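# Summary of the model geometry
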Amino acid sequence: MSGFFVILDEIGDLSPALQVKLLHVLETRAGQARGFSWIVAMTHHDLERMIEEGRFRHDFYFRLNVIGSTISPLREGGLSPFAGDGAGPLQPEI
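In this report, we go over the structure that sits alongside the text. (Residues numbered from 1 in each chain as written. Predicted model: local features only at pLDDT ≥ 70, side-chain atom pairs only at ≥ 80, totals over all residues. Heavy atoms only, no water.)

### A word on the overall build of the protein
A tally of regular secondary structure across the protein gives four helices and two strands. Traced from its N-terminal end to its C-terminal end, the protein shows the element sequence β-α-α-β-α-α. Taken across its 94 residues, the protein has 19% of its residues classed as buried. Intrachain contacts of the protein at a sequence separation of at least 6 include 69% that bridge at least 24 residues. Summed over all atoms, the accessible surface of the protein reaches about 7200 Å², with 56% contributed by carbon and sulfur. (Helix = DSSP H or I, 4+ residues; strand = E, 2+ residues; numbered from the N terminus. Buried < 20%, exposed > 50% of the residue type's maximum accessible area, 1.4 Å probe, protein only. Contact = heavy atoms within 4.5 Å. Areas by Shrake-Rupley, 256 points an atom, 1.4 Å probe, with all protein chains shown as cover.)

Below, the structure written as structure tokens:
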């Protein structure tokens, strides 16, 4: 795989101004020109609820949510699909 990952942690905490700037990068493919090919975005917030409340941009969510996945909190064994011998792969929500 060429390129590299960009990891955005706690995207639910991003300001509206930063959401607009990152959306611009995604829409213009400026990130690909800089060499990154994958974006992994994470949050503990309910982004769909935040969209309904007007606190998160729907268009930004649409661009990020290509393959969505929900992992339980660590206290509930959230990384168990990745741990141990012969663990199964992460199953995306499609």
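After that view of the structure, there is still more to cover.
### A word on the packing of aromatic side chains
Per the stated rule, a full pass over the model turns up one aromatic pair. Aromatic pair Phe 56 and Phe 60: ring centres 5.6 Å apart, planes at 35 degrees, arrangement tilted. (Phe/Tyr/Trp six-rings, centres within 6.5 Å; stacked < 30°, edge-to-face > 60°.)

### Focus on a nonpolar patch on the surface
Residues Phe 5, Ile 7, Trp 38, Val 40 and Met 42 make up a contiguous nonpolar surface patch of roughly 480 Å² in combined accessible area. Contributions of two or more residues to the nonpolar patch are made by β1 (4–9) and β2 (36–42). Per-element tally for the nonpolar patch: the top contributor is β2, with three residues. As for its placement among the helices and strands, Phe 5 is situated in strand β1. By relative accessible area, which is 46% here, Phe 5 ends up partly exposed. (Patch = residues over 30% accessible without salt bridge, like charges linked within 9 Å, V, L, I, M, F, W, Y side chains within 5 Å. Salt bridge = Lys/Arg side-chain N within 4 Å of Asp/Glu carboxyl O.)

### Observations concerning the pattern of salt bridges
Per the stated rule, a full pass over the model turns up three salt bridges. The partner of Arg 49 in a salt bridge is Glu 53, with the nearest N and O atoms 3.3 Å apart. The exposure class assigned to Arg 49 is partly exposed, which follows from its relative accessible area of 42%. With a closest N to O distance of 2.8 Å, Arg 55 and Glu 53 form a salt bridge. Residue Glu 53 is classed as partly exposed on the basis of its relative accessible area, which comes to 44%.

### Overview of helix α1 (residues 16–28)
Here α1 spans 18 Å end to end across 13 residues, near enough to the 18 Å set by a 1.5 Å rise per residue. Just past α1, the residue Arg 29 takes up positive phi, approximately 60 degrees. (Expected span 1.5 Å × (residues − 1).)

### Observations regarding the environment of Glu 27
Locating Glu 27 in the fold gives a position in helix α1. Between the alpha carbons of Glu 27 and Arg 63 there is a distance of 8.0 Å; along the sequence they are 36 residues apart.

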